[in-house]
Structure formats: structure tokens, C-alpha cells
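Notes for the structure review
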Amino acid sequence: MRLSFLEPLYKRPGPFASVYLDTSRDSAIEDPDVAIEVRWRHLRDALAFEGADQDSITAVARMVGTDTDIPGTHGQAVFTAHGRLALLDELPVPPARDTAHFGTLPDTMPLIFQHAPGIPYLAVHVRYSGPHSTDATGIVRIDAEAGTWPLTKVTPGHRLHEEVLVAHWPHAAEAIGRELEGRARHLDAEAVVVSGDVWARGILVHRLPPSLRSQVITVGGVGKSQPGRALMEQRLESPFHGRLAVRDRALLDAFLAQRARDGASVEGLAGAVSELQRGRVKVLFLNNHPESTLRLWVGSEPGQLALAEKELRSYGVHDVREERANAALTRALVGTRAELVVVPEKQLQLCEGVVVLLRYADSASRA
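Residues numbered from 1 in each chain as written. Predicted model: local features only at pLDDT ≥ 70, side-chain atom pairs only at ≥ 80, totals over all residues. Heavy atoms only, no water.

Taking an unreviewed UniProt entry as the reference, the protein chain is identified by name as Peptide chain release factor 1 belonging to Streptomyces gibsoniae.

Listed below in C-alpha cells is the structure:
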């Protein structure tokens with residue numbers, strides 16, 4: 001996963017207030033605005049306890065609960081610095097628990113985990129309820145939308161809605177298939193998830209160009225979505241859960257190949273930190289440990305991080321402080337434009353939960 005969406009945040013000077021809050025608005029909550037306000041009140045007190053300035057707290061308060069256009073269960077990630085909003089992002093699912101931190105570095109790792117694995121897809125829902133015959137009278141309705149799983153936000157400008165007489169459906173399905181292929185190619189979509197009437201969707205699938213047909217995943221259910229939510233959002237969990245994006249899978253395979261021949265790879269936290277110091281990390285792989293309590297020592301630059309304070313000071317770094325390891329690792333990755341891949345433990349258990357693929361092998365190790 002590329003972390004370029006975080007670059008504007010790290011261009012700002014800290015300290016940062018980082019807030020993750022459940023802002024769900026579903027039928028199970030009698031008064032969601034009151035519930036959100038109560039949750040925020042606890043986090044506001046936590047920020048104040050950690051030394052956050054009033055301006056930064058006020059900036060968070062202005063954004064909390066502003067996502068009224070998104071129904072159902074979800075959350076918000078809010079980052080402010082020096083009284084100004086630094087980054088606002090929606091969470092497709094509520095955080096496991098509401099959290100607030102104030103520190104020199106923003107706490108972005110939970111947001112990254114909610115973006116992972118970042119699989120680009122096309123969702124296609126075919127609605128038809130009449131007789132399964134092209135001699136019937138009726139209308140086939142097609143909705144298509146591009147997105148990146150598991151995000152709720154959809155890709156702007158890539159929505160399709162068509163209504164076709166059932167008698168014209170076989171011919172229209174071929175034209176729609178070509179249009180879908182163009183959109184999929186433009187977005188590098190890795191899957192086309194199709195739901196709806198079995199007969200009508202079958203005609204569409206069999207008329208898709210071969211390159212797109214091989215990417216089709218059919219799912220059951222009605223496939224509808226609420227306004228403000230991704231099309232077929234609830235149906236995407238089954239085909240995508242535990243799956244890596246194609247690029248991430250290729251990077252993981254490259255790491256395994258390098259490890260097998262003692263090549264450009266390093267395992268464990270100490271090794272990863274050492275390579276980040278030198279800017280040699282191409283990809284950092286993490287098992288999912290969002291509640292990690294590990295801490296690192298950091299300086300003012302992305303590559304200034306270490307396991308011990310004296311190590312940084314030995315490099316001539318004077319402004320040294322202790323930070324959450326996740327926050328330090330993320331800043332180093334963004335600052336050196338390295339990538340991050342979240343690897344489910346069921347797929348591969350990593351040494352100390354972290355390994356790296358290097359940009360190049362150490363010549364000394366190859367000698």
C-alpha cells in the first residue's frame with residue numbers, strides 16, 4: 001500500500017491531536033448526536049490530560065459528527081495541529097474503541113489498517129424481477145460503481161446507471177460490458193463483483209470481454225446500498241476478507257524470494273528500524289497489532305528513530321523524545337516513500353510482527 005494520502009499531514013509541524021471516534025448513525029441508536037457528543041466529551045478530557053492546547057481541541061470539536069451524510073455504522077479519524085484541521089478521514093467501520101492522543105507525531109497506524117488492503121474493484125448490481133425470457137415485457141436496471149475495498153467512499157466520477165428493455169438486454173449487455181471494461185482498465189480494478197437476478201446478470205457476465213470476465217466474482221443477495229455508502233458494501237466482505245491487493249501480494253512474494261536466498265530482506269523490529277534509518281526500506285510488512293504499546297526514540301527527521309535514546313544521541317541528534325512505535329514507523333515510511341503491507345497472521349506470521357523488503361541488498365552480505 002502506498003501511503004501518499006498521508007504526505008500532506010506529515011508536511012505540517014506538530015504536535016498533533018489524533019482522534020478516532022465512533023460516529024455511527026444506525027437504527028439501534030435512539031439519539032446518535034447525543035451518543036457522539038458523550039463519546040467526544042471523554043476524548044476531549046483525554047486530550048486535555050495529555051497536554052493538548054485548547055485551539056487544537058476546539059478544531060477537533062468542529063469536525064466531530066460532521067459526517068451526517070453517511071448512514072449506518074462507521075467512524076471518523078480527525079487530526080489537528082496548532083488549532084487547524086490537518087486531516088479528516090472516514091472509517092468504514094467504527095474503531096474498536098474510541099481513542100485520543102496528543103503528541104509530536106500523529107497516530108496514523110489505525111487509519112492505515114482501515115485502508116488496508118486497498119483492493120480496487122467494480123461493483124455491478126443487475127435488477128430484474130420479471131420472467132426469464134427476452135420475450136417478456138419489463139426493464140433491466142444496472143447500477144455500477146468503482147471503489148476501493150474496504151473504504152466506504154467510492155471513486156468519484158465512476159458510476160453507471162442504465163435501464164434497458166428486457167427484449168434489448170442481450171445486445172445492451174454487450175455494450176455495457178465494453179464500457180465496464182474501459183472503466184476497470186482505467187482504475188486497475190482487480191475484481192468485478194456482480195449481484196442481482198441470476199438470469200439477467202448471467203447474460204451480462206457472458207457478454208463481458210474475456211479480460212474482464214476472468215475477474216468476475218458473483219455474490220448473492222439484493223446488493224443494494226444506502227445513499228452515502230458504497231454499492232453492495234455488505235456483500236464485499238465475503239470475497240475480499242483476508243485477501244491482499246495484487247501489488248501487495250507481489251511484494252510479499254518478492255520478500256519471501258529474497259528471504260529464501262538471504263537477499264534484500266530483514267526481519268524483526270531492530271532490523272527494520274536500522275534499515276529505515278538508512279532509507280533502504282522498499283516495503284515494510286506488518287501483522288495486525290493496532291494496540292501495540294512498543295515505543296521508539298525519535299528525532300525531528302523521518303529517518304531519525306532508534307530503539308534507545310543513546311543511539312540517536314550518538315548520531316548527533318539533540319532533539320530526542322520517546323514516541324509510540326507505530327507513529328514513528330509510519331512517519332519514517334511516509335518520509336522515505338516506502339510502502340506498507342498489512343499481512344494477516346493467518347497468511348504469514350512475521351518475526352516480531354514486522355519484516356522489510358529492501359530497495360537493494362547490502363553488498364557486504366552478498367560477498
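Observations concerning the sheet that holds strand β1 (residues 16-22)
One key point about sheets: their strands pair by backbone hydrogen bonds, in either a parallel or an antiparallel sense. As a reminder, the rule being used: Two strands are counted as paired when DSSP detects at least two bridges linking them. Here a strand is any run of E in DSSP of at least two residues, a helix any run of H or I of at least four, and the numbering for each starts at the N terminus. Axis definition: a line fit to C-alpha positions, over the contact stretch in the case of helices; interaxial angles, taken between N-to-C directions, run 0 to 180 degrees. We call two residues in contact whenever any of their non-hydrogen atoms come within 4.5 Å of each other.
Here we have 4 strands laid out as an open sheet, ordered β3-β2-β1-β4, and antiparallel in their pairing. Taken across any chain shown, the strands that pair with only one partner, and hence form the sheet edges, are β3 (84-91) and β4 (99-103). Neighbour-to-neighbour, the strand axes of this sheet turn through a mean angle of 10°, independent of strand direction. Each of β1 and β4 is contacted by helix α2 (residues 32-49), which is oriented at about 155° to β1, the strand it contacts most. Each of β1, β2 (75-81) and β3 touches helix α3 (residues 54-63); the most contacted strand, β2, lies at about 150° to it.

So, the packing of aromatic side chains
The cut-off we apply is this: Centres within 6.5 Å are what make two rings of Phe, Tyr or Trp a pair, Trp counting through its six-membered ring; a difference in plane orientation under 30 degrees is then read as stacked, over 60 as edge-to-face, and the rest as tilted.
Tallying each qualifying case throughout the model produces 5 aromatic pairs. Aromatic pair Y20 and F79: ring centres 5.9 Å apart, planes at 90°, arrangement edge-to-face. Linking Y20 in strand β1 with F79 in strand β2, this pair joins segments that are 59 residues apart in sequence. A ring pair is formed by F255 and F285, whose centres lie 5.5 Å apart and whose planes are at 45°; its orientation type is tilted. Of this pair, F255 sits in helix α9 (residues 246-260) while F285 is found in strand β11 (residues 281-286), placing the two residues 30 residues apart along the sequence. Joined through ring pairs, the aromatic side chains of Y121, W149 and F240 make up one cluster.

Observations regarding the nonpolar core
Formally: What is meant by a nonpolar core is a set of buried Ala, Val, Leu, Ile, Met, Phe, Trp, Tyr and Cys residues, joined one to another through side-chain atoms within 4.5 Å. Burial classes follow relative accessibility: with a 1.4 Å probe on protein chains only, a residue under 20% of its type's maximum area counts as buried, one over 50% as exposed, and anything between as partly exposed.
Ranked by internal contacts, the top residues of the largest apolar core, which has 45 residues, are L284 and L340. Counting residues per element, this core draws most heavily on helix α12 (residues 325-335), at 7 residues. If we skip the residues at most four places from it in the chain, L340 touches M1, L3, M109, I112, V283, L284, L286 and L333. One finds L122, A144, A184 and A200 within the second-largest nonpolar core, a separate group that totals 29 residues.

So, the sheet that holds strand β10 (residues 265-267)
Sheet architecture is open: 4 strands sit in the order β10-β16-β11-β15, paired in mixed fashion. A strand with exactly one partner marks an edge of an open sheet, and here the two such strands are β10 and β15 (339-342). Here the strands of the sheet are splayed against their neighbours by 20° on average, with no regard to which way each runs. Looking at chain direction, β11 and β15 are connected through 4 bridges and run parallel. Paired with V283 across the two strands is E339, which belongs to β15.

Considering the packing of α2 against α3
In a pair of packed helices, the angle between the axes and the distance between the axes together describe the arrangement. Here is the rule we go by: The scheme is simple: roughly parallel for angles under 35 degrees, roughly antiparallel for over 145, roughly perpendicular for 65 to 115, oblique for anything else. Handedness of a crossing is defined here by the sense of rotation of the near helix relative to the far one, left-handed for an anticlockwise turn of less than a right angle and right-handed for a clockwise turn. Residues are grouped as follows: Ala, Val, Leu, Ile, Met, Phe, Trp, Tyr, Cys and Pro are nonpolar; Asp, Glu, Lys and Arg are charged; all remaining types, including Gly, are polar.
Between α2 and α3, the least distance of the axes is 10 Å, while the angle of their chain directions is 160°. The orientation of α2 with respect to α3, classified from their angle, is roughly antiparallel. With respect to the hand of their crossing, α2 and α3 are arranged in right-handed fashion. Here W40, R44, L47 and A48 of α2 lie close against α3, whose contacting residues are I57, V60 and A61. Within the contact of α2 with α3, the residues separate by chemical class into 6 nonpolar, no polar and 1 charged.

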